[in-house]
Amino acid sequence: MRLDPLSIPYRIAENSARIGGAIVIAGVAGSGGSGGNILQGAAIFLGIAAIGVALVAGWEIAYHRRFRYELTADTFDIESGVFSRRDREIPYRRIQNVDIRQNVVQRLLGIAEVRLETAGGGQTEAQLKYVNREEAGRLQEEVARRKRVDEPGAGDREDEPPAETLYAITPRELGILGVVSMDLRLVPLVLVALSVFGPAAITSVLPEIDQWFVIGPLVGVGTIIGLAILSGVISMLQYYDFQLRSHGDEYRYERGLLQRYSGSIPVEKVQTLSIRENVLARWLGYASLSIETAGYAPGQGSGARSQSAIPIAERDRVVELARSIEPFDDVTFERPPQRARERYAVRYLLVALVVIAGAYAVTLLPDVSGPWYLSALLLPIVPVAAHLKWRHRGYYLGEEYAITRNGFWSRRITVVPSYRVQTVLSSRTIFQRRRRLASVVVDTAGSSSLMGDDAVAADIDAERAERLREAVADRLQEAIGQRETLD
Amino acid sequence: MTTDGDRQNAGSDPDSMDSETRPDGAERHPGTEDDPAVSGPEEGDGKSLTEARTPDGRVRWKWGLRVAIVAAVLGVITGAISVFGLEWGVLPGVGAFVLALVVGVVHALLLYRTWEYQVREDALYLERGVFTHVKTVVPFVRVQHIDTSRDPIDRLLGLSSLVVYTAGSRGADVTIPGLTPTDAEDLQDRLKMLAKESTGDDAV
C-alpha cells in the first residue's frame, strides 16, 4: 500500500520550508550577480527558488512512488528510499505502540503521521508520512489485532471486548490542569537574563526612566506571571480533549488541540506507574498518572518530558484508575527515620549559610552596600524545608508491589510491580553512613529512570535498607515463580 | 494509598512480612553495617553458591596505572600553564602530578578493599565504593547477556573484566573487574547457565 497522495503536496511544502533558508541564500547570491538591475535580480531569485522547489517536488514524488508498506501475516513490511532502498520487516510482536499524530494543517487535509515504536532504544522504528486519517486508525487497529493473534495461546481471544472509555478530560479539569501545570522552572533563568539585558532594553524603550526600584520588580513580576500563564496554556493545548480508552490488551489515548496525538500503551509492557501531584495540585486534591513502558514512554516522542496517561483528575479517581492497571492494595508509607530530617536540616543550613556569607561578601565590595542581613531570613525556613522534605518521603513494600514516594514541590509516587524489577541496589554516601542511613533504588526497564525518576526509598535506616534490598529481590523471584505456575 | 500514617515500625517492614523466608534478617546484629566485610547477606543464609570473592589483587595495579596516566596528563597541563603562561617554573606541574597520584592511588587502594562480589543461587551480588558505598543485586532472570572484556592494561597484567547487561536503565552494565581470564570465562559460562536456567519469558 502507498502513502496518501495528499502527502505529496504537504511534504513538498514542509520540506521546501525546511530548506527555504538555503533556497533564499542561493537566490540572493544568484540575484546578486545581476549587476544591480532589480527586475533581473528578482527574476533570477524566483528562478532559483522555483528550481529548488521543483527539485524538492521531484524528490517527494519519487519518495511517494517508491514507498510501500504492507501488513503481512506476521510482519509489518516497509519498502522505502529513493536512491538507497531500505526494506524492513517488523514483526508485530515487537511493535509496542502505534502512535498517530496530526497537526492543524494535516487535519484539514485529512492525513496523519503514523509512528511504529518498538522496545529498545528510544528511537522511532518507522514512520509513515503521511497516510489517510482512516487508514492510520485502521493500521493501529490491525497491528493491535495481529499482535494478539501472533502471541502464543491467544487465538481464543478473537472476540475482543468493546472499547471502553476510562477517562475523558472535562473542561473543569482542563482548567485545573492549566493552573497546576504553571511551570516556574524557567524563572531563575529568566530573572538572570532580565537582570543582564533588562535595563538596556527598558532604557531603549523609555529613555527618561529613573524609577528603577519600581520598574525592576514590576517587570520581573510581570515576566513571571506571563511565563506561568504561557506554560499553563501550553499544557491546556497539549491535553485538550484528552481521552483514555481501554482497548483489548491496550490503552489508547488521544489528545491535543493544535497537534492531535493518538497512541497506545500495551498493558503487558507496563513497567511502573507514577502518580504525580505538585504543591498546587495536592492542595486542590488533584493528581496525575503516568505509565512507563519498557524502553519507551508513551507520547515521549519529541520532548524529554514524561507525559501522562491521565493528565489531571481528582486524586481518588487517579488512584482508582492506577489500581485498575496494577491492583496494589492500600498503602501505608513508612517514612525515613527522624535522623534523616536532621540530615536535610544540616544540608539546608549549609546552603543558607553560604548564601548569607555570599551576600555579606558582596557588601564588602567598594560601592556596594545593602541590607545583607536580610538574607538571614533564610534561617527560619531551614527547619521547615527539612521537615517538608522528610514528610513527603516514604516507601512501602507490599506482596506484589514496591512503592516509593518522594518530593515536596512535585510529589511523585512510583508503583513498581515486583515482577518488573530489574536490579536492586542500596547505596550509602559518606554523609548517609554517618547517620546510619541508606537509599534503596529499585530499577526497572521503564524509560523514566533515564531521567533519574527511579523508585527510590531514600534515607531509610541502613539495616532496613539491607533487608528491603533483599526482600525486593526475593519478591521478584516469587513473582516469577508464580507466573510460571500460572502458565 | 490514601492513608498517610506515620507507622515507623509496623506494616511495611520488609522483614516482618518476610520472616519465614528470611530468618537471618533478625540475627544480623546492629552496628556491623559500617564494616563492609561483615555486613551483607552472605553470613550464612544458605543462598549463596560461592563465598564472597574479591577481585584479583593485580587490579590495584591496573587502577594505579590508570591513575598515573591521568595524573601525568594533569601534571603536564598544569606544568605547561605554569611554565609558559604564568612563568612559575615546573614545580606546580610536579606538585599537581604528585598530588593527583597520591589521591588517586589511595582511592584505588580503598576501592579495592571495598570490592566484593558473590554468585548467589538466583542473583549476582556486588559491593563497592569508597565515598558512596553501593550494593547491587542483579537477578539472573534479568540478565540479557554477559561479556568479557580486556583493555590494554588488562592484557598487560593478565586480567579480564566481566560485564553483565540487564534491561534496567540504571544497572544496565554491571562490571566485575580484576578477574583472571580463565576465571572470567568460567564465571561467564556459569552465569550464562544460571541465567538460562532461571527462565523468564520476557526480560523486561
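It should be emphasised that the depicted structure is a prediction, and the values quoted were computed from it without experimental measurement.

The rules behind the values
- Residues numbered from 1 in each chain as written.
- Chains lettered and ligands numbered in written order.
- Predicted model: local features only at pLDDT ≥ 70, side-chain atom pairs only at ≥ 80, totals over all residues.
- Helix = DSSP H or I, 4+ residues; strand = E, 2+ residues; numbered from the N terminus.
- Contact = placed C-beta atoms within 7 Å.
- Buried ≥ 20, exposed ≤ 12 C-beta atoms within 10 Å, placed from the backbone.
- Pairing = 2+ DSSP bridges.
- Axes fitted to C-alpha atoms, helices over the stretch in contact; angles between N-to-C directions.
- pLDDT = per-residue confidence, 0-100.
- Parallel < 35°, antiparallel > 145°, perpendicular 65-115°, else oblique.
- Left-handed = near helix turned anticlockwise from the far one by under 90°.
- Nonpolar A, V, L, I, M, F, W, Y, C, P; charged D, E, K, R; others polar.
- Core = buried A, V, L, I, M, F, W, Y, C linked by C-beta atoms within 7 Å.
- Domains from an automatic or database assignment.

Caption draft 1: Fine view of the overall build of chain B. Summing up its helical and strand segments, chain B has five helices and six strands in all. Taken from N to C terminus, the helices and strands of chain B fall in the order α-α-α-β-β-β-β-α-β-β-α. Of the contacts made within chain B by residues no fewer than 6 positions apart, 54% connect residues no fewer than 24 positions apart.

Caption draft 2: Inspection of the overall build of chain A at higher detail. Scanning chain A from terminus to terminus reveals 14 helices and 19 strands. Looking at chain A as a whole, 36% of its 487 residues qualify as buried. Across chain A, contacts joining residues at least 24 apart in sequence account for 60% of those joining residues at least 6 apart.

Caption draft 3: A look at the sheet that holds strand E1 (residues 68-71) of chain A. Residue and element names in this part refer to chain A. Across the sheet, three strands lie side by side as E1-E2-E3; this open sheet has antiparallel pairing. Each edge of the sheet is formed by a strand with only one pairing partner; in this case those strands are E1 and strand E3 (86-91). The sheet shows a mean angle of 10° between the axes of neighbouring strands, taken without regard to direction. Where E1 meets strand E2 (residues 75-80), four bridges bridge the pair, whose relative direction is antiparallel. Note that in E2 the partner of Glu70 across the bridge is Asp77.

Caption draft 4: Up close: the confidence of the model for chain B. Residue and element names in this part refer to chain B. Model confidence for chain B is summarised by a mean pLDDT of 75, while 70% of its residues fall at 70 or above. Within the model, the stretch residues 1-46 combines pLDDT values under 50 with 53 contacts to residues more than four positions away or in other chains. In the predicted assembly, ipTM is 0.71 and pTM is 0.74.

Caption draft 5: Summary view of the packing of helix H1 (residues 7-18) of chain A against helix H3 (residues 38-65) of chain A. Residues and elements named next belong to chain A. For the pair H1 and H3, interaxial distance at closest approach is 9 Å and the crossing angle is 140°. Overall, the two elements H1 and H3 adopt an arrangement that is oblique. Seen along the crossing, H1 lies across H3 with a hand that is right-handed. Here Ser7, Ile8, Arg11, Ile12, Asn15 and Ser16 of H1 come into contact with H3, specifically with Val53, Val56, Ala57, Glu60, Ile61 and His64. Of the residues that constitute the contact of H1 with H3, the class distribution is six nonpolar, four polar and two charged.

Caption draft 6: Molecular detail of the sheet that holds strand E5 (residues 111-118) of chain A. All names here are of chain A. Taken together, seven strands build an open sheet; the order of strands is E6-E5-E4-E10-E9-E8-E7 and the sheet is antiparallel. A single partner strand is all that each edge strand has here, and the edge strands are strand E6 (124-132) and strand E7 (164-168). Put simply, the sheet's adjacent strands are angled 20° from each other on average, direction ignored. Relative to strand E10 (residues 260-266), strand E9 (residues 250-255) runs antiparallel, the two sharing six bridges. Bridge assignment links Arg255 to a residue of E10, and that residue is Tyr261.

Caption draft 7: Spotlight on the nonpolar core. All names here are of chain A. Counting 89 residues, the largest nonpolar core has Ile403, Val440, Val442 and Val472 as its most contacted members. Of all the elements, helix H14 (residues 462-486) adds the most residues to this core, at nine residues. Per-domain counts for this core show at least three residues from each of domain 2 (173-238) and domain 3 (338-389). What Ile403 contacts, discounting residues up to four positions off in sequence, is Phe328, Val331, Tyr395, Tyr396, Ile413, Thr414 and Val415. Of all hydrophobic cores here, the second largest spans 18 residues; its members include Phe76, Ile78, Tyr130 and Val143.

Caption draft 8: Quick look at the environment of B:Ala123. Mapped onto the elements, B:Ala123 comes out in strand E2 (residues 123-128). B:Ala123 gets classed as buried once you count the C-beta atoms within 10 Å, which come to 27. Along the sequence, B:Ala123 and B:Val143 sit 20 residues apart, while their C-alpha atoms lie 9.4 Å from each other. Among all residues touching B:Ala123, those that are not within four sequence positions of it are A:Ala473, B:Val137, B:Val138, B:Pro139 and B:Phe140.

Caption draft 9: Molecular detail of the domain arrangement of chain A. Here chain A is described as being made up of domain 1 (7-65), domain 2 (173-238) and domain 3 (338-389). Domain 1 of chain A and domain 3 of chain A are separated by 60 Å when their C-alpha centres are compared.

Caption draft 10: Main features of the pairing of strand E17 (residues 423-428) of chain A. The buried count for E17(A) comes to five of six residues, which makes it a mostly enclosed element. For E17(A) and strand E3 (residues 133-139) of chain B, the ladder comprises five bridges, and the chain directions are antiparallel. Bridged to A:Ser427 within E3(B) is B:Val134.

Caption draft 11: View of the confidence of the model for chain A. Residue and element names in this part refer to chain A. For chain A, mean pLDDT is 82; residues scoring 70 or higher make up 88% of the total. With pLDDT under 50 throughout, residues 154-158 is counted as low confidence; its partners more than four residues away or in other chains account for four contacts. Segment residues 296-306: pLDDT under 50, and 25 contacts once partners within four positions in sequence are set aside and those in other chains are kept.

Caption draft 12: Examining the packing of helix H2 (residues 59-85) of chain B against helix H3 (residues 91-114) of chain B more closely. Residues and elements named next belong to chain B. One can describe the packing of H2 onto H3 by two numbers: an axis separation of 7 Å at closest approach and a directional angle of 160°. Between H2 and H3, the crossing angle belongs to the class labelled roughly antiparallel. The handedness of the crossing between H2 and H3 is right-handed. Of the residues contributing to the contact of H2 with H3, the split by class is 20 nonpolar, seven polar and one charged.

Caption draft 13: Unusual backbone geometry, seen in detail. Residues and elements named next belong to chain A. Cis rather than trans, the peptide bond between Lys129 and Tyr130 has omega equal to 0°. Residue placement: Tyr130 occurs in strand E6. A positive phi angle, close to 55°, is found at Asp459, a residue other than glycine. Judged by local crowding, Asp459 falls into the buried class, with 25 C-beta atoms found within 10 Å.

Caption draft 14: A look at the pairing of E9(A). All names here are of chain A. With five of six residues buried, E9 lies mostly within the body of the structure. With five bridges connecting them, strand E8 (residues 243-247) and E9 associate as antiparallel partners. By the bridge assignment for E9, Ser246 is matched with Tyr251. The hairpin formed by E8 and E9 contains two residues between the paired strands, and Gly248 there has a positive phi angle of roughly 65°. Here E9 folds back onto E10 in antiparallel fashion, the turn holding four residues, of which Gly256 has a positive phi close to 105°.

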